[in-house]
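# Structure assessment
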Amino acid sequence: MPPTTDAVVIEYADPDDLARLVATSPRPMLVGLDVDGVLAPLVDHAADAALLDGMSLAVSAVAALESVHFAVVSGRSLDGLAQFGFGDDVDVIGSHGMEIRDRPMEPLDADERRRLIALDALAVEAADRAGDGAWIERKPASVVLHVRQADAERGHHALDGLRSDAEGIAGATAKPGSNVLELFARHGDKGTALMHLAHQLGAATTVFVGDDVTDEDAFAHLGADDIAIKVGDAETIAPHRLADPTAVLAWLRALT
């Protein structure tokens, strides 16, 4: 008789219960959320993404709550975030914290520019190896290879090879995601950006909601009295989960 294994059971929070937990936490409060996979359903190509119906109104309603500050913290560039139309009541932070709306990003220095050019060339070669469906996203300080639409085996081999090749570029860092690999000429992470904003605001509680591997950086920076919420069933250090953007919408509505 074959041995039995215990299946991992994913438990999702009830949006209303999670809203009560957040609503009764100390204020002032910073509520930060990733965008893709959280406020907007995941799609094959970033340019096709859109906020879930009703999400824009829910975001504005939470941002209008007393002593609550709302921010989106995304790996997308600010140009990539512009398509969602976030209002002035929302802080918009892009490129894993390196870009902040209405604040100019510090230009890359000569070493960073050379590093970005070298990383871009590696990404182009990897995209060719991945084949049809692979595409490259370029940001001010990083380059991203997407293989979600490519052949699965070729795509994963291309990502593995690209990560290995990037290790030969001095000063470069890499962040894996869901069928993507981002290569950085300058370091940035969501956790540092989130905590910097929380400190500026004097936030007593920081809430962060994310779905991707890079969101674990933000979860890791949160304190014992903060609230980390994972969207989806991927492995996480966050103690709370919501199933999908529809559940996130229900949670935001319950907060108001």
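Whatever comes next refers back to the structure up there.
Residues numbered from 1 in each chain as written. Predicted model: local features only at pLDDT ≥ 70, side-chain atom pairs only at ≥ 80, totals over all residues. Heavy atoms only, no water.

## Focus: the pattern of salt bridges
Side-chain pairing between opposite charges can occur once the charged atoms of the two side chains come close. Keep this limit in mind: Salt bridges are defined as contacts in which a side-chain nitrogen from Lys or Arg sits within 4 Å of a carboxyl oxygen from Asp or Glu. Helix and strand definitions here come from DSSP, where helices need a minimum of 4 consecutive H or I residues and strands a minimum of 2 consecutive E residues; each element is numbered from the N-terminal end. Categorising residues by exposure relies on relative accessible area from a 1.4 Å probe, with only protein chains included: less than 20% of the type maximum marks a residue as buried, more than 50% marks it as exposed, and the intermediate range marks it as partly exposed.
Tallied over the full model, the rule gives 11 salt bridges. Among the ionic pairs, R186 bridges to E112, the shortest N-O distance being 2.9 Å. Taken together, the residues R186 in the loop between β8 (180-184) and α6 (190-201) and E112 in helix α4 (residues 110-130) connect sequence positions 74 residues apart. The same class applies to R186 and to E112, which are both buried. Through salt bridges with shared partners, one network takes in D34, K190 and D215.

## As for the pairing of strand β7 (residues 173-177)
Applied cut-off: Strand pairing requires that DSSP identify at least two bridges connecting the strands.
One ladder, built from 5 bridges, connects β7 with β8; its direction is antiparallel. Opposite T173, over in β8, you have F184 as the bridge partner. Hairpin connection of β7 to β8: 2 residues between the antiparallel strands, including N179 at a positive phi of 65°.

## Some details on the nonpolar core
Where we set the bar: Think of a nonpolar core as a cluster: buried Ala, Val, Leu, Ile, Met, Phe, Trp, Tyr and Cys residues, connected wherever their side-chain atoms sit within 4.5 Å. We call two residues contacting when some pair of their heavy atoms lies within 4.5 Å.
Membership of the largest hydrophobic core comes to 38 residues, with the highest contact counts inside it found for L39, F70, V248, W251 and L252. Those elements that provide at least two residues to this core are α1 (15-23), β1 (29-33), α2 (55-63), β2 (68-73), β3 (90-94), β9 (205-210), β10 (227-231) and α8 (245-255). Sorting elements by how many residues they give to this core places α8 first, with 6 residues. In this structure W251 touches P15, L18, A19, V22, V31, L33, V207, V209, I229 and L242, once residues within four positions along its chain are discounted. A130, L145, A158 and L162 belong to the second largest nonpolar core, which has 17 residues in total.

## With respect to the pairing of β2
Summarising burial for β2: 5 of the 6 residues are buried, a large majority. When β1 meets β2, the two strands line up parallel, connected through 5 bridges. Bridge pairing links G32 to A71 in β2. Pairing of β2 with β3, which is carried by 4 bridges, proceeds in the parallel orientation. Across the sheet, the residue bridging to V73 is I93, located in β3.

## Remarks on the packing of aromatic side chains
Put simply, the test is: In summary, the pairing rule links any two rings of Phe, Tyr or Trp, Trp by its six-membered ring, whose centres are within 6.5 Å, and it sorts them by plane angle into stacked for under 30 degrees, edge-to-face for over 60 and tilted for everything else.
A complete count under the given rule lists 2 aromatic pairs for this structure. Between the aromatic rings of F84 and F86, the centroid separation amounts to 6.0 Å while the plane-to-plane angle is 40°, which identifies the pairing as tilted. Residues F84 and F86 agree in their burial class; the two are buried. Aromatic pair F208 and F219: ring centres 5.9 Å apart, planes at 65°, arrangement edge-to-face. Residue F208 is located in strand β9, and its partner F219 is located in helix α7 (residues 215-221); the two are separated by 11 residues in the primary sequence. F208 sits in the buried class, given a relative accessible area of 0%.

Nothing here speaks to function; it is all geometry.
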